Amino acid sequence: MENVLSLNAVTKSYGRIKALNKVSFSVPESAVFGILGPNGSGKTTLLSIILDVLKADEGNFLWFGKNGAPEQRKKIGSLLETPNFYHYLSAVNNLKITSSISGRGNTEQIDYVLDKVKLSERKHSRFSTYSLGMKQRLAVAGALLGDPKVLVLDEPTNGLDPVGIAEMRALITDLRKNGHTIIIASHLLDEVEKICTHVAILNKGDLVVTGNVNDVLVDEDIVEISSPDIEKLAEIISFFPAITNTMRHGGFLQLHFPKNSSKLEDINQFCFQKGVILNHLMLKKKKLEAKFFELTGN
């Protein structure tokens, strides 16, 4: 699988403040790549650099294996902030203006992108009648003009209600299925965990970790078990080999094992042989939020 974006030691400072410190990672084709970090971690600076809004002090980046050029930039759609659409115009007429100003796409593409973001039925409605979620989807439609291979989205769910967030999540998932690569900066860790295939976590300008979401989250196995006799279960499970830690959460026990070493069938058989019947046995993932705070110290 080819990389659509590669960063090599990208560095940017504002006076004494180092916004980015030798940041290097690659974004594979067809990924939903999440860039995470607390406020001031360098997320927006990073997006601004790869979109040529800002210039890096050191380092470089490549789109599709090449240095930035107009033909490369045409393959990238972006949404750094919600565009200023005209409230009294329809979605169609707003996108005609967007296309004219940006030089991306043409009027024939407008119906196509509105269908992609599920706004076809409201394409002639005035922008002022749209919900916040619909406005954000229209902004994504604008970014899709010209049929870019890559979309770069800065906080696309910011300010949305749960319905709007769910709609944006579904849209991003559909766009990936249709062959787009999406790079998304967000602070909504639960949402990122649901849609992202890869992630990079920044903290005070430093890259803390990057990789496939599952690889980043999993540094140990956590197995959750329970039985009608939780006290007896806690007693006998302490003799099961390879457990590094045991914690109790309500009516469950959480067993910690070295990464990729737990075997659920062995745990079940061990408990059965000791006279304890399990009514709950599950391999759990560490939540991205917990991993994020663990890595950034926030």
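Residues numbered from 1 in each chain as written. Predicted model: local features only at pLDDT ≥ 70, side-chain atom pairs only at ≥ 80, totals over all residues. Heavy atoms only, no water.

Concerning the packing of helix 9 (residues 230-237) against helix 10 (residues 264-273)
- Their axes nearest at 10 Å, the elements helix 9 and helix 10 cross at an angle of 110°. Put simply, helix 9 runs roughly perpendicular to helix 10. Helix 10 is crossed by helix 9, and the crossing has right-handed handedness. Contacts between helix 9 and helix 10 involve Leu233, Ile236 and Ile237 from the former and Ile267, Phe270 and Cys271 from the latter.
- Among the residues forming the contact of helix 9 with helix 10, the class breakdown is 6 nonpolar, no polar and no charged. (Axes fitted to C-alpha atoms, helices over the stretch in contact; angles between N-to-C directions. Helix = DSSP H or I, 4+ residues; strand = E, 2+ residues; numbered from the N terminus. Parallel < 35°, antiparallel > 145°, perpendicular 65-115°, else oblique. Left-handed = near helix turned anticlockwise from the far one by under 90°. Contact = heavy atoms within 4.5 Å. Nonpolar A, V, L, I, M, F, W, Y, C, P; charged D, E, K, R; others polar.)

Brief notes about the nonpolar core
- With 40 residues, the main nonpolar core has Leu95, Leu114, Leu138, Val140, Leu151, Ile172 and Ile182 as its most contacted residues.
- In terms of residues, this core owes the most to one element, helix 5 (residues 132-144), which gives 7 residues.
- In contact with Ile182, not counting residues within four places along its chain, are Ala31, Val32, Phe33, Leu151, Leu153, Ile172, Leu175 and Arg176.
- Counting 24 residues, the second-largest nonpolar core is a separate cluster that includes Ile76, Val152, Ile183 and Leu202. (Core = buried A, V, L, I, M, F, W, Y, C linked by side-chain atoms within 4.5 Å. Buried < 20%, exposed > 50% of the residue type's maximum accessible area, 1.4 Å probe, protein only.)

Here we look at the sheet that holds strand 1 (residues 3-14)
- On the basis of which strands lie adjacent, the open sheet formed by 3 strands has the order 2-1-4 and antiparallel pairing. On the outer flanks of this sheet lie strand 2 (17-28) and strand 4 (58-63), each paired with one strand and no other. With strand direction ignored, the average angle separating the axes of adjacent strands in the sheet is 15°.
- Relative to strand 4, strand 1 runs antiparallel, the two being bridged by 5 bridges. Within strand 4, the residue paired with Leu7 across the bridge is Phe61. (Pairing = 2+ DSSP bridges.)

Describing the layout of surface pockets
- Approximately 220 Å³ is the volume attributed to the second largest pocket.
- Every residue lining the second largest pocket is counted, 15 residues in all, and those nearest its centre are Val4, Glu29, Phe64, Lys149 and Gly179. (1 Å grid on protein atoms, 1.4 Å probe; cavity = no way out; pocket = protein on both sides within 12 Å on 5 of 7 lines; lining within 4 Å. Points joined across faces, edges and corners; volume = space filled by probe spheres on them.)

Quick notes on the environment of Asp111
- By the secondary structure assignment, Asp111 is in helix 4 (residues 107-116).
- Separated by 19 residues in sequence, Asp111 and Val92 place their C-alpha atoms 7.8 Å apart.
- Every residue in contact with Asp111, bar those within four places of it in the chain, is listed here: Ser120 and Lys123.

Some points on the pattern of salt bridges
- Per the counting criterion, the structure on display carries 6 salt bridges.
- Close ionic contact of Glu58 with Lys22 constitutes a salt bridge, the shortest N to O distance being 3.6 Å. Of this pair, Glu58 sits in strand 4 while Lys22 sits in strand 2, and the two are 36 residues apart along the sequence.
- Residue Glu58 is classed as partly exposed on the basis of its relative accessible area of 43%.
- On the basis of relative accessibility, which here comes to 52%, the residue Lys22 falls in the exposed class.
- With a shortest N-O distance of 3.2 Å, Asp111 and Lys123 are connected by a salt bridge. Taken together, the positions of Asp111 in helix 4 and Lys123 in the loop between helix 4 and helix 5 put the pair 12 residues apart, joining distant regions of the chain.
- Among the residues examined, Lys123 registers a relative accessible area of 22% and is labelled partly exposed. (Salt bridge = Lys/Arg side-chain N within 4 Å of Asp/Glu carboxyl O.)

Side note on helix 3 (residues 91-102)
- Taking 1.5 Å per residue, 12 residues should reach 16 Å; helix 3 reaches 16 Å between its end C-alpha atoms and fits that length.
- Within helix 3, the full set of buried residues consists of Ala91, Val92, Asn94, Leu95 and Ser99. Within helix 3, the buried residues cover an arc of 160° as seen down the axis, which keeps them to one side. Projecting away from the buried face of helix 3 at angles above 90 degrees are the exposed residues Ser100 and Ile101.
- Contacts made by the buried residues of helix 3 are with helix 4 and helix 5.
- Of the residues flanking the end of helix 3, it is Gly103, one or two places downstream, whose phi is positive at about 75°. (Expected span 1.5 Å × (residues − 1). Arc of directions from axis to C-beta.)

Let's talk about unusual backbone geometry
- Positioned with a positive phi, Ala9 is a non-glycine residue whose angle comes to about 55°.
- Within the secondary structure, Ala9 sits in strand 1.
- Look at Asp52: it is not a glycine, yet its phi comes out positive at around 65°.
- Within the element layout of this structure, Asp52 appears in the loop between helix 1 (43-50) and strand 4.

Examining the side chain of Glu155
- For Glu155, the position within the fold is in the loop between strand 6 (150-154) and helix 6 (162-177).
- Buried and without a salt bridge, Glu155 has Lys43 as its closest oppositely charged side chain, separated by 4.6 Å.
- Contact partners of Glu155, with chain neighbours within four places excluded, come to Lys43, Gln136, Ala185, Ser186 and His187. (Lys, Arg positive; Asp, Glu negative; His and termini not counted.)

What about helix 6?
- Taking 1.5 Å per residue, 16 residues should reach 22 Å; helix 6 reaches 23 Å between its end C-alpha atoms and fits that length.
- Buried residues of helix 6: Gly164, Ile165, Met168, Leu171, Ile172 and Leu175, and no others. For helix 6, the angular spread of buried residues about the axis comes to 125°, placing them on one side. In this structure, helix 6 carries Pro162, Val163 and Lys177 as exposed residues pointing more than 90 degrees from its buried face.

Such coordinate-based values are descriptive only and should not be taken to indicate function.
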